[in-house]
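Descriptive analysis of the structure
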Amino acid sequence: MSKLTDVPKRILIGRALRSDRLGETLLPKRIALPVFASDPLSSVAYAPGEVLLVLSIAGVSAYHFSPWIALAVVVLMFTVVASYRQNVHAYPSGGGDYEVATTNLGPKAGLTVASALLVDYVLTVAVSISSGIENLGSAVPFVVEHKVACAVAVIVLLTLMNLRGVKESGKLFAIPTYVFVAGVFVMIAWGAFRGLVLDDQMRAPTAEYTIKAEHQGLAGFALVFLMLRAFSSGCAALTGVEAISNGVPAFRKPKSKNAASTLLAMGLLAVTMFCGIIALALVTKVRMAENPAVDLLQNGVGVGADYVQNPVITQVAEAVFGKGSFFFVVLAAATALVLFLAANTAYNGFPVLGSILAQDRYLPRQLHTRGDRLAFSNGIVLLAGAAMLLVVIYGADSTRLIQLYIVGVFVSFTLSQTGMVRHWNRHLATETDPAKRRHMVRSRAINTFGAFFTGLVLVVVLVTKFTHGAWVALLGMVIFYATMTAIRRHYDGVAAELVAPEGPSDDSVRPSRVHSVLLISKIHRPALRALAYAKLMRSDTLEALTVNVDPAETNVLREEWERRGIDVPLKVLDSPYREITRPVIEYVKSLRRESPRDAVSVIIPEYVVGHWYEHLLHNQSALRLKGRLLFTPGVMVTSVPYQLQSSEAAKNRARKRQEWNAPGAVRRGPLQEGHPKEPSGTAGGQTPGAGSPGEGTSTAGTSGAGKSGAGKSGAGSSGAGKSAAGTSGAGSSEAGAAGTGKSGTGSSESDAKN
């Protein structure tokens, strides 16, 4: 089947890269900034508006609190950035918040942080894409009419870009991100020049509107709560800050220094743009309302349901540059595009964190595997699938999705910075150098301040947004936590069960005898090859076994067996209900009951086809039989493949593709000089799910199809010397047990390795 997907795979994600080219995919700072910081940088497109929307509940008079709220966001941003600069130096492995919490607060806290971050990454993709689609839909009606389909299409496009590797996707994302940042700074500078030097009167399109306050004259606790809610909404500007600490391994050396510098640059850019837009919004008298149709008044009358409330950044750009001007259009286009690209922060954070969790046995180990382009492909695909599910469920509605947002990120902020406080306490207990102690005390103060602030924001977010959708994010965190705990429990249990004992055990005791059973349906080339191989094994007892499904065919087999004078007894099992698997299983179990100390070897002749559609022409009984035999102790299964001409042609085509580019070679490691390019000598008898002991699965097969093979017994040199894994990657095989077929054992084995 692989040949069907190789060509489109190469077209979509490019040629596979060798493992030793991993360094070529690492990011310089100029590319790392848009890759990891596109989320917090793009949040200035909606975070100022969120602040004004909340304050509008108390009317326009409450807008004068916005500079103080912006100042609080700036203080929190610099506190978090300063804290994470300590993180990337102390924990450069890329674990970020997860590693900090696990090391300093324990595995349960670390798992809580990991669950929160995974949920937040999924929501980052869903919210950013949905918001971008809505912005684009204001200019292109078709997009908003089919916004779910368009959002899914954008997610697929971003997924393909990231599957090509972070360096290539970073180059694609760098230009619009830098255009957006430059556009915002030009807007702030030109607005300041017009206002301070030219003394122009800049007016937003909503400057003449008034706001109908939902609650007049708020004071005391109600006013404080409103300001806290506005502050928590403005903290959307901090989403994605943690991605850099989780992505330190993707930076060029010196990794920690480059990551810390990128963090500082991101913080400076984000807070400058955030404050500049808030200031210009106040100067140009931008008016926002949670329900503009009713609460936004023009000449004392509501603007109506047809009114479209533009984002703050759009209104400010119109006031500064003029509607329809070149800079206005460029900034509007860059803003819409950068919202799409903000999802790339999650595409770089989620797979790396998933890889670390998989390495710690909290997630399936496939997430720790790099793909052909040296990206964590499985993590990228998993993130895309989860985000698409959310987009479909919530109809790509950013207003509904944003209620789920920022809960996870502030859970991770709080626990991470609390962990860093404990980190500094632990080091201060042993450090004697006065200069280092002063540095640690200063760092601890920063982390303590950050833990308090982020904890406060978390409480406010939970209180104000719980019933509006934050409970869904919490539920997602609980599901992730429970799932990862169960996975770790499974891996730990399997590892404990597979530990090799120091002394003699049942697994190391040699069986008293080996009873070999050769499954036969008719006498043909695969059967003769398997028979020759079975004789080569020199078992204590060897017999041929067939199941009597059709008496006429069974009689023909008996006559042919006797005519050829084959010196192996042929045993016939009756099957009145025409079953094949059950009689064989029961017979093998009876052999084990009669002689528990004996080993039973079941040998299955197979022929291997080379085209995917040929699978459909053969039944799958042998595959089911092997699956059942896996659960029978003391039974080994050996497959003896016979390659048909179609499989040989498929193998030749595969060899040509391997010489051009070896798909999956990154995962198997580079080929060594002097070694054949075609894999050989692997266990043809291994069945799907039969992994290495490290994976915690048992193997029912032996390498009967290995290098020895029937070729030495006169059955042909190609014989069993070619493994199922090496020859049936694109084909299927059929066993000789009463016409029973088996589909692609070798193919499944190859997939398991990949």
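What you see as residue numbers is a count from 1 along each chain, following the sequence as written. pLDDT decides what is reported in this predicted model: residues at 70 or higher carry local features, side-chain atom pairs at 80 or more are listed and counted, and totals for whole chains, interfaces and linings draw on all residues regardless. Side-chain measures were taken over the full set of non-hydrogen atoms in the model, leaving aside hydrogen atoms and water.

Secondary structure is summarised from DSSP: a helix means a run of H or I of at least four residues, a strand means a run of E of at least two, and numbering begins at the N terminus for each. The secondary structure content of the protein chain amounts to 29 helices and 9 strands. For every residue, the accessible area (1.4 Å probe, protein chains only) is compared with the maximum for its type, and the residue is labelled buried under 20%, exposed over 50%, or partly exposed between those bounds. Expressed as a percentage of its 754 residues, the buried residues of the protein chain come to 52%. A contact between two residues is defined here by any heavy atoms of the two lying within 4.5 Å. For the protein chain, long-range pairs separated by at least 24 residues make up 81% of all intrachain contacts whose partners lie at least 6 apart in sequence.

What follows is about the pairing of strand E6 (residues 570-574). One ladder, built from 5 bridges, connects strand E5 (residues 541-548) with E6; its direction is parallel. Within E6, the position partnered with Val 547 by the bridge is Leu 573. Crossover E5 to E6 through helix H23 (residues 551-564) is right-handed. Strands qualify as paired when DSSP identifies two bridges or more between them. Seen with its strands pointing away from the viewer, a crossover is right-handed when the path leading from the first strand over the helix to the second is clockwise.

So, about the pairing of E5. A large share of E5 lies buried, amounting to 7 of its 8 residues. As paired elements, strand E4 (residues 514-519) and E5 share 5 bridges and run parallel to each other. Bridging across to E5, His 515 finds its partner in Thr 541. This β-α-β element, E4 to helix H22 (residues 525-536) to E5, shows right-handed connectivity.

Next up on the list: a nonpolar patch on the surface. Residues with no salt bridge and a relative accessible area higher than 30% make up the patches, which join like charges within 9 Å and nonpolar side chains (Val, Leu, Ile, Met, Phe, Trp, Tyr) within 5 Å. Per-residue accessibility takes into account occlusion by the displayed protein chains alone, with areas from the Shrake-Rupley method and a 1.4 Å probe. Salt bridges, as used here, are contacts in which a Lys or Arg side-chain nitrogen is within 4 Å of a carboxyl oxygen on Asp or Glu. The grouping of Val 186, Trp 190, Phe 193, Leu 196, Val 197, Leu 198, Phe 326 and Phe 327 at the surface amounts to a nonpolar patch, some 840 Å² of accessible area in total. Residue assignment for the nonpolar patch shows that the elements contributing at least two residues are helix H9 (166-196) and helix H15 (326-341). Looking at which element gives the most residues to the nonpolar patch, the answer is H9, with 4 residues. Assignment of secondary structure puts Val 197 in the loop between H9 and strand E1 (210-211).

At Asp 199, a residue that is not glycine, the phi angle is positive and equals roughly 55 degrees. Positionally, Asp 199 belongs in the loop between H9 and E1. Since its relative accessible area comes to 57%, Asp 199 is described here as exposed. One non-glycine residue, Lys 285, lies in the positive phi region at around 60 degrees. Residue position: Lys 285 is located in the loop between helix H12 (255-283) and helix H13 (292-295).

Before going further, it helps to spend a moment on the nonpolar core. One finds Ile 129 and Met 187 to be the most contacted residues of the largest nonpolar core, which totals 150 residues. Per element, the largest residue contribution to this core is 16 residues, and it comes from helix H6 (residues 107-137). Look past the residues within four positions of Ile 129 in its chain and what remains in contact with it is Ala 151, Val 154, Ile 155, Leu 158, Leu 339, Phe 340 and Ala 343. As used here, the term nonpolar core means buried Ala, Val, Leu, Ile, Met, Phe, Trp, Tyr and Cys residues forming a set that is joined through side-chain atoms within 4.5 Å. By size, the runner-up hydrophobic cluster in this structure holds 18 residues, among which are Val 517, Val 600, Val 602 and Val 637.

Another aspect to go through is the sheet that holds E1. Strand order in this open sheet of 3 strands is E1-E2-E3, and the pairing throughout is antiparallel. In this open sheet, the two strands that pair with only one neighbour each are E1 and strand E3 (301-302). Sheet topology note: the strand E2 (residues 296-298)/E3 ladder contains 2 bridges and is antiparallel. Counted as the bridge partner of Gln 298 is Val 301 from E3.

It is worth spelling out the packing of aromatic side chains at this point. Stacked, tilted and edge-to-face are the three classes applied to pairs of Phe, Tyr and Trp rings, where Trp contributes its six-membered ring and a pair requires centres within 6.5 Å; stacked means planes under 30 degrees apart, edge-to-face means over 60, and tilted covers the rest. The final tally for this structure, using the stated rule, is 5 aromatic pairs. Seen in terms of ring centroids, Trp 190 and Phe 193 are 5.5 Å apart; in terms of plane orientation they differ by 20 degrees. Their pairing is stacked. Pair noted here: Trp 190 and Phe 193 are both in helix H9, with a separation of 3 residues, about one helical turn. A relative accessible area of 37% places Trp 190 in the partly exposed class. Both rings, one in Phe 326 and one in Phe 327, keep their centres 5.5 Å apart while their planes meet at 75 degrees; by these two values the pair is edge-to-face. Its relative accessible area of 62% is what places Phe 326 among the exposed residues. Each residue in the set Tyr 84, Phe 410 and Phe 413 is aromatic and connected to the rest through ring pairs, giving one cluster. A cation over a ring is seen here: Arg 488 above Tyr 362, with NZ or CZ 5.1 Å from the ring centre. Each ring is checked for a lysine NZ or an arginine CZ that lies within 6 Å of its centre and within 35 degrees of its normal; such an atom marks a charge sitting over the ring.

Topologically, Gly 195 is positioned in helix H9. Residue Gly 195 is classed as partly exposed on the basis of its relative accessible area, which comes to 26%. Along the sequence, Gly 195 and Thr 284 sit 89 residues apart, while their C-alpha atoms lie 9.8 Å from each other.

A few words on the pattern of salt bridges. The tally for this structure, following the rule as stated, stands at 9 salt bridges. Between Asp 492 and Arg 361 there is a salt bridge, and its shortest N-O distance comes to 3.1 Å. Here the residue Asp 492 occupies a position in helix H21 (residues 470-498), and Arg 361 occupies one in the loop between helix H16 (343-359) and helix H17 (377-393), the gap between them amounting to 131 residues. The exposure class assigned to Asp 492 is partly exposed, which follows from its relative accessible area of 28%. The partner of Glu 606 in a salt bridge is Lys 626, with the nearest N and O atoms 2.9 Å apart. Taken as a pair, Glu 606 in strand E7 (residues 599-608) and Lys 626 in helix H25 (residues 621-629) lie far apart in primary sequence, 20 residues in all. Salt bridges linked by common partners bring Arg 361, Arg 488 and Asp 492 together as one network.

With that settled, consider the packing of helix H14 (residues 312-321) against H15. Simply put, an axis is a line fit to the C-alpha atoms, just over the touching stretch for a helix, and the angle between two N-to-C directions goes from 0 to 180 degrees. As a packed pair, H14 and H15 sit with axes 9 Å apart at the nearest point and diverge in direction by 165 degrees. As judged from the angle between their axes, H14 and H15 are roughly antiparallel. As for how H14 packs across H15, the hand of that crossing is right-handed. The segment H14 lies against H15, with Ile 313, Thr 314, Ala 317, Glu 318 and Phe 321 engaging Phe 327, Phe 328, Leu 331 and Thr 335. Across the contact of H14 with H15, the residue classes break down as 6 nonpolar, 2 polar and 1 charged. Each angle receives one of four descriptions, namely roughly parallel if under 35 degrees, roughly antiparallel if over 145, roughly perpendicular if within 65 to 115, and oblique otherwise. The crossing is said to be left-handed when, going from far helix to near helix, the turn is anticlockwise and less than a right angle, and right-handed when the turn is clockwise. In this classification, the charged set is Asp, Glu, Lys and Arg, the nonpolar set is Ala, Val, Leu, Ile, Met, Phe, Trp, Tyr, Cys and Pro, and all remaining amino acids, among them Gly, are polar.

On to the environment of Thr 272. Turning to its location among the elements, Thr 272 is positioned in helix H12. The exposure class assigned to Thr 272 is partly exposed, which follows from its relative accessible area of 37%. As a C-alpha pair, Thr 272 and Val 184 span 88 residues in sequence and 9.7 Å in three-dimensional space. Excluding residues within four positions of it along the chain, Thr 272 makes contact with Phe 185 and Ile 188.

Moving on, we get to the packing of H15 against H16. Where H15 contacts H16, the two axes come as close as 4 Å, and the packing angle between them is 20 degrees. Considering the angle they form, H15 stands roughly parallel to H16. Here Leu 339, Phe 340 and Leu 341 of H15 come into contact with H16, specifically with Ala 343, Asn 344 and Thr 345. Within the contact of H15 with H16, the residues separate by chemical class into 4 nonpolar, 2 polar and no charged.

Considering the arrangement of structural elements, one finds Ser 412 in helix H19 (residues 407-428). Among the polar contacts made by the side chain of Ser 412, one reaches the main-chain carbonyl oxygen of Val 409 at a distance of 2.6 Å. Ser 412 has contacts with Tyr 84, Asp 97, Val 113, Ala 116 and Leu 117, leaving out every residue within four places of it along the chain. For the purposes of these results, a polar contact is taken to be a pair of N or O atoms within 3.5 Å, where, inside protein, one atom must be able to donate a hydrogen and its partner to accept one; residues adjacent in sequence count only when each atom of the pair is a side-chain atom.

Let's shift gears to the confidence of the model for the protein chain. Per-residue confidence from the predictor is reported as pLDDT, which spans 0 to 100. For the protein chain, per-residue confidence averages 76 on the pLDDT scale, and residues scoring 70 or more make up 77% of the total. Predicted confidence for residues 1-7 stays below pLDDT 50, and this span has 12 contacts to residues more than four positions away or in other chains. Counting contacts from residues 9-13, a segment whose pLDDT is below 50, to residues more than four positions away or on other chains yields 15 contacts.

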